[in-house]
Amino acid sequence: MAKRNENPSIDPTVVEMLEVAREKGIETAFDRAEAMKPCPIGAKGACCHNCDMGPCRLVGKHDRGVCGATKETVAARNLARMIAAGAAAHSDHGRDMALTLLAAAEGEAPDYEIRDEAKLREVAEFLDVPTKGRETMDVAKDVAEAALAQVGNQKGEILFLKRAPTKRQEVWRKAGVAPRGIDREVVEIMHRTHVGNDQWYESILMAGLRTALSDGWGGSMLATDITDILFGSPAPVRANANMGMLSEDEVNIVVHGHEPVLSEMILAAVNDPELIEYAKSKGAKGINLTGICCTANETLMRQGVPTIGNFLSQELAIITGAIELMIVDIQCIMQALAPVADQFHTRLITTSPHAYIEGAEHVDFEESHALEIAKELVRMGIDNFPNRGRTHIPKEISHLVAGFSHEYINYALGGFYRGSFRPLNDAVIQGRLRGVAGVVGCNNARTRHDYSHEYIMRRLIENDVLVAMTGCGAIAAAKYGLMSPEAAKYAGPGLREICETVGIPPVLHVGSCVDNARILTTLSQMATEGGLGEDIADLPAVGFAPEWMSEKALSIASYFVGSGLYTIMGSESPVANSPVVNRFISEGWEERIGGKLEFIADPEEAAQKALEHIDQKRADLGLEAYDPTRYGQSGDWLMQQFIEAMEAGQPVNLYSAKVPRLA
Ligand code: XCC
Ligand code: SF4
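Nothing here was measured: the structure is a model prediction, and the numbers come from that model. (Residues numbered from 1 in each chain as written. Chains lettered and ligands numbered in written order. Predicted model: local features only at pLDDT ≥ 70, side-chain atom pairs only at ≥ 80, totals over all residues. Heavy atoms only, no water.)

Examining the site of ligand 1
Logical step 1: With respect to spatial proximity, 13 residues lie near ligand 1, and among them His258, Cys332, Cys442, Cys472 and Cys513 are the closest.
Logical step 2: Elements represented by at least two residues in the shell around ligand 1 include exactly helix H12 (293-303) and helix H19 (471-479).
Logical step 3: Broken down by class, the residue content of the shell around ligand 1 amounts to eight nonpolar, four polar and one charged. (Near = heavy atom within 4 Å. Helix = DSSP H or I, 4+ residues; strand = E, 2+ residues; numbered from the N terminus. Nonpolar A, V, L, I, M, F, W, Y, C, P; charged D, E, K, R; others polar.)

Below you can see the structure in the form of structure tokens.
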């Protein structure tokens, strides 16, 4: 086996479990990343295999492919295809959510209901569905059908664009990147990048932006909205994170992937008294449900189901020997889980028609009898409990408050008399907050696990930048305690004061991968609230994906850019083979659309550039320069109250806490 990277992770549970893996001779992604260097030609976007005259390597003396394609064309086509794949993944997820809503509305999925009717009606309005005097399920049916029509829309532009500031919409139309329909944009990228088609990097990349926007303001936004409609819009909820949440004496069931449709049913099933009794009959004390990746984020931010780790923890979780059943749905599920599970009693179950894994068991998840299937799965887990051998469960657990939907941010900061983004904008204008940041994305076995996430989050909050997090980055923040209200002590004076006053952590958990749409909505509302310009591009705001690896992350970053944000991704540039293309996605995109994309591997340099950008935007808005010594004289009373209540295990209800308004 390869020599293990000496510094693989900043998460002690990961380091501990890698040691266990080594003792047992089990190979993980960390080993494979060490043993197999990335292909230097592919890494910089120099390889084209779009036809059978290639693959062409545009390196050394070869500056054109057999067909004559240039470095620019090849790099741009590769990037556009990655964006399209990511957009497809998110948007297919959105489509599936719409199909679930439709099935629920038509009575074909009786285990699902509408948990957030207000949201249903709000979304209906954006989709031009009439609501007045209509039954909930009739509205739901029309909303589902309108959502599906958006996915397949052929002409004009998708309806959710009107949720953006007017100025942003104008920028999109002028640049020709207002997406028509989601499927159309994805298919068009595949067509455009086929051999012998679009061979001008600029138009390829502008089309790439349009496709990314169809994800952010289309597929992902639909996924988030419909998930809220079906399962409730998140509000603050206390939860725990890290591998210590696996149980020594209960049946451990882990949900992993991205869709809440199944995991919500599993959650209902594990609380079924009959199944709990059944678990006891098998010698377990109960049933313990936990999650990994974004399925975990979905159930974490709505019901406080613990997360045991992010992307790079998935194999290690099985190596604890403590998991009876791992149920996966779609996306970010390593094929390596199957051979690892083989070495333990763990049963690995795939459930989605989009995602089979050779060697795993497959149980087709049908919404028509969702709860019944969920119970069947839980029973499989219970039946497997007596087969458990020796376990090794790390002890680490950290606490967090999750569930910061944009609705809740609006509500909390707006105070109790009116929901509004005014106080947030005022805080930025006064310089209590230097700016805001959306930090998203994955883990990457090529970089030290969680290191850049943690580093960048800390640098941002100590500089009074309020951070909203999603995906595996959010799980990292949770593990290192940055999502607990106590983390206010790591924040700069202005941000700290706000956290203390409102009772929020300095790093907000806003959801899963598709929930980056919530960040767009929040920024859009900030831009329209007034005082910070008229466009998302005017805001002192940045986007980050410090440890990205998936194509979805590239789509997210691109729609952030398309929405006007300066967005920084960790890693070397995947288009480095063409300095022209590399410059175009930064300066070229900025000129045309107001946002720019840069790849900066060093987290300190990335943080510095982000702060410079925020300060520049402040100056452009005519705001006072940020001064960390101006604020931070307030007392700690609310936070103290909050922490004491949390520690005493009392329910903490942020809605009823008496919160003074921000000045
Ligand atoms: Fe996947 Fe959403 Fe990336 Fe994590 S962060 S590795 S995409 S699970 Ni979205
Ligand atoms: Fe080579 Fe052109 Fe074919 Fe790409 S499309 S593999 S550059 S010949």
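The rest of the description comes next.
What to know about the pattern of salt bridges
Where charged atoms from two side chains of opposite charge approach closely, those side chains can pair.
Logical step 1: For the structure on display, the rule yields 49 salt bridges.
Logical step 2: One salt bridge in this structure joins Arg210 and Glu185, with 3.0 Å as the shortest N-O distance. Taken together, the residues Arg210 in helix H9 (residues 201-231) and Glu185 in helix H8 (residues 182-192) connect sequence positions 25 residues apart.
Logical step 3: Since its relative accessible area comes to 12%, Arg210 is described here as buried.
Logical step 4: Look at the salt bridges and you will find they share partners, linking Lys119, Arg163, Asp225, Asp228, Glu298, Arg302, Glu407, Asp515 and Arg518 into a network. (Salt bridge = Lys/Arg side-chain N within 4 Å of Asp/Glu carboxyl O. Buried < 20%, exposed > 50% of the residue type's maximum accessible area, 1.4 Å probe, protein only.)

Looking at helix H11 (residues 273-281)
Logical step 1: Structurally, the start of H11 carries an N-cap: the backbone nitrogen of Glu274 is 2.9 Å from a side-chain oxygen of Asp272.
Logical step 2: At the exit of H11 stands Gly283, carrying a positive phi of roughly 95 degrees. (Polar contact = N/O pair within 3.5 Å; in protein donor to acceptor, adjacent residues only side chain to side chain.)

Remarks on the coordination of the nickel atom of ligand 1
Logical step 1: When only protein atoms are considered, the nickel atom of ligand 1 has one donor, Cys513 (SG), at a distance of 1.9 Å.
Logical step 2: Looking at the secondary structure, you find Cys513 in the loop between strand S13 (507-511) and helix H21 (516-529). (Donors = N, O, S within 2.8 Å, 3.2 Å for Na, K, Ca; no water.)

Some remarks on the packing of H9 against H21
Logical step 1: Where H9 contacts H21, the axes come no closer than 8 Å and their chain directions differ by 100 degrees. As far as their axial angle goes, H21 and H9 are roughly perpendicular. Contacts between H9 and H21 involve Gly216, Trp217, Ser220, Met221, Thr224 and Asp228 on the former and, on the latter, Ala517, Arg518, Leu520, Thr521 and Ser524.
Logical step 2: Residues that form the contact of H9 with H21 fall into these classes: four nonpolar, five polar and two charged. (Axes fitted to C-alpha atoms, helices over the stretch in contact; angles between N-to-C directions. Parallel < 35°, antiparallel > 145°, perpendicular 65-115°, else oblique. Contact = heavy atoms within 4.5 Å.)

Focus: the side chain of Glu324
Logical step 1: As for its placement among the helices and strands, Glu324 is situated in the loop between helix H13 (314-319) and strand S7 (325-328).
Logical step 2: With relative accessibility at 0%, the residue Glu324 sits in the buried group.
Logical step 3: A distance of 2.7 Å separates polar atoms of two side chains, one belonging to Glu324 and the other to His345.
Logical step 4: Non-local contacts of Glu324, meaning those with residues more than four positions away in its chain, are made with Glu250, Val251, Asn252, His345, Thr346, Arg347, Gly381, Asn384, Phe385 and Arg388.

Side note on empty space enclosed by the protein
Gaps left between atoms are located by rolling a probe of water-molecule size over the structure's atoms.
Logical step 1: According to the stated counting rule, one finds seven cavities of 30 Å³ or more in the structure shown.
Logical step 2: Taken together, 18 residues form the lining of the largest cavity, with Val436, Ala437, Ala468, Thr522 and Leu523 sitting closest to its centre.
Logical step 3: Among the elements of the structure, strand S11 (435-439), strand S12 (465-470), S13, H21 and strand S14 (541-545) are those that each provide at least two residues to the lining of the largest cavity.
Logical step 4: The element that contributes the greatest number of residues to the lining of the largest cavity is H21, accounting for five residues.
Logical step 5: Among the residues making up the lining of the largest cavity, the classes are represented as 15 nonpolar, two polar and one charged. (1 Å grid on protein atoms, 1.4 Å probe; cavity = no way out; pocket = protein on both sides within 12 Å on 5 of 7 lines; lining within 4 Å. Points joined across faces, edges and corners; volume = space filled by probe spheres on them.)

Remarks on the nonpolar core
Logical step 1: One finds Tyr112, Trp217, Ile253, Ile266 and Trp589 to be the most contacted residues of the largest nonpolar core, which totals 171 residues.
Logical step 2: Ranked by the residues each element gives to this core, the list is headed by H9, at 16 residues.
Logical step 3: Among residues more than four places away in sequence, those in contact with Trp217 are Ile158, Phe160, Leu161, Arg163, Ala164, Trp172, Leu520, Ser524, Ile536 and Ser563.
Logical step 4: Formed by 39 residues, the second largest nonpolar core is a distinct cluster that contains Val328, Ala336, Val340 and Ala360. (Core = buried A, V, L, I, M, F, W, Y, C linked by side-chain atoms within 4.5 Å.)

A closer look at the packing of helix H5 (residues 117-126) against helix H6 (residues 136-151)
Logical step 1: As a packed pair, H5 and H6 sit with axes 10 Å apart at the nearest point and diverge in direction by 45 degrees. Taken together, H5 and H6 sit at an angle that is classed as oblique. Taken as a pair, H5 and H6 cross one another with a handedness that is left-handed. Mapping the contact onto sequence places Glu117, Leu120, Arg121, Val123 and Ala124 in H5 and Thr136, Val139, Ala140 and Val143 in H6.
Logical step 2: Residues belonging to the contact of H5 with H6 are distributed by class as follows: six nonpolar, one polar and two charged. (Left-handed = near helix turned anticlockwise from the far one by under 90°.)

Some thoughts on unusual backbone geometry
Logical step 1: The peptide bond linking Gly54 to Pro55 adopts the cis configuration, its omega dihedral lying at -5 degrees.
Logical step 2: For Asp464, which is not glycine, the phi torsion reads 65 degrees and is therefore positive.
Logical step 3: Inspection of the secondary structure puts Asp464 in the loop between helix H18 (451-462) and S12.
Logical step 4: The class for Asp464 is buried, based on a relative accessible area of 1%.
Logical step 5: The residue Ser571 is not glycine, and still its phi comes out positive at about 85 degrees.
Logical step 6: Within the element layout of this structure, Ser571 appears in the loop between strand S15 (566-569) and helix H23 (579-593).
Logical step 7: Accessibility expressed as a relative area gives 22% for Ser571, which makes it partly exposed.

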